[in-house]
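# Breakdown of the fold
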Amino acid sequence: MRSLAWLSRLMPDEYVASIYEIDLDALWRRGIRLILTDLDNTLVPWNHPDVPAELTAWLRGVHERGFHVCILSNNGEERVGSFAKLCGVPAVSAAGKPKSRGFMEALHRFQMPPEATAMVGDQLFTDIQGAKRLGLYAILVLPQNPVEWWGTKISRMAERFVLKRLEARGLRRPKRVADRRRIDD
């Protein structure tokens, strides 16, 4: 039987519907002080230019709890830099996730060790794999919108295959917030 050890490099520590469902108090108790977050389809839908009021409030709450936040995106400087400026948070663009360079740049910028850092993102092969490679706490969120860059659409096909195997090993897929509302109504 072939080893499935490679799956452990893709298993997130948490899987939530959105950033708004992350238990910030639990992260703090765990010793997390830096939250790295992907941009597109994690904070906002792909290429969405505006910062929603809900995101502004979430970022304010994160900062008030004492966390540092940094956007870590594979997208280019123009997109990432302008959005980060609107949010008032630092960013690393063209991060090259899952490679270590972008992660290491963010850790160095904040003088933070990997064990005190969480990575939040919507993709297994970039956000989660890169975080796990460096020993960061990895939080997978459901993508906000099905509209994506064409390269991401291709990787989503492989991601669906891997997610089924991770779910067979205990990963629980969260329900979308809209799905919960329908159930509650």
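Residues numbered from 1 in each chain as written. Predicted model: local features only at pLDDT ≥ 70, side-chain atom pairs only at ≥ 80, totals over all residues. Heavy atoms only, no water.

### Quick look at the nonpolar core
The biggest cluster of nonpolar side chains holds 29 residues, and the ones touching the most others in it are L36 and L166. The set of elements that each furnish at least two residues to this core consists of β2 (34-37), β3 (68-72), α4 (100-110), α5 (124-134), β6 (137-141) and α6 (150-168). If one sorts the elements of this core by residue count, α4 sits on top with 4 residues. Not counting chain neighbours up to four residues away, the residues in contact with L166 comprise L7, L10, M11, P12, L124 and L171. Among the nonpolar cores identified, the runner-up in size contains 27 residues, and I35, F67, F83 and A118 belong to it. (Core = buried A, V, L, I, M, F, W, Y, C linked by side-chain atoms within 4.5 Å. Buried < 20%, exposed > 50% of the residue type's maximum accessible area, 1.4 Å probe, protein only. Helix = DSSP H or I, 4+ residues; strand = E, 2+ residues; numbered from the N terminus. Contact = heavy atoms within 4.5 Å.)

### Points about the pattern of salt bridges
Scanning the model with the defined rule gives 7 salt bridges in all. One salt bridge in this structure joins K97 and D38, with 2.9 Å as the shortest N-O distance. One end of the pair, K97, is in the loop between β4 (91-92) and α4; the other, D38, is in the loop between β2 and α2 (53-64), and 59 residues separate them in sequence. Residue class for D38 comes out buried when judged on its relative accessible area of 6%. (Salt bridge = Lys/Arg side-chain N within 4 Å of Asp/Glu carboxyl O.)

### Description of the packing of aromatic side chains
Applying the stated criterion across every chain, the model contains 2 aromatic pairs. Ring geometry for Y20 against W58: centres 6.4 Å apart, planes inclined by 85 degrees, an arrangement best described as edge-to-face. Taken as a pair, Y20 in the loop between β1 (14-16) and α1 (24-30) and W58 in helix α2 lie far apart in primary sequence, 38 residues in all. According to the relative accessible area criterion, Y20 is partly exposed, its value standing at 27%. The class for W58 is buried, based on a relative accessible area of 9%. With 5.2 Å between their ring centres and 90 degrees between their planes, W28 and F67 make a pair best called edge-to-face. Of this pair, W28 sits in helix α1 while F67 sits in the loop between α2 and β3; the two residues are 39 residues apart in sequence, bridging distant segments of the chain. Among the residues examined, W28 registers a relative accessible area of 32% and is labelled partly exposed. (Phe/Tyr/Trp six-rings, centres within 6.5 Å; stacked < 30°, edge-to-face > 60°.)

### Things to note about the sheet that holds β3
Pairing is parallel across the open sheet formed by 6 strands, whose spatial order is β1-β6-β5-β2-β3-β4. Lying at the two open borders of the sheet, with one neighbouring strand each, are β1 and β4. Sheet topology note: the strand β5 (residues 117-121)/β6 ladder contains 4 bridges and is parallel. Looking at β6, one finds that M119 is bridged to A138. Running at roughly 165 degrees to β6, α5 makes contact with β5 and β6 of the sheet. (Pairing = 2+ DSSP bridges. Axes fitted to C-alpha atoms, helices over the stretch in contact; angles between N-to-C directions.)

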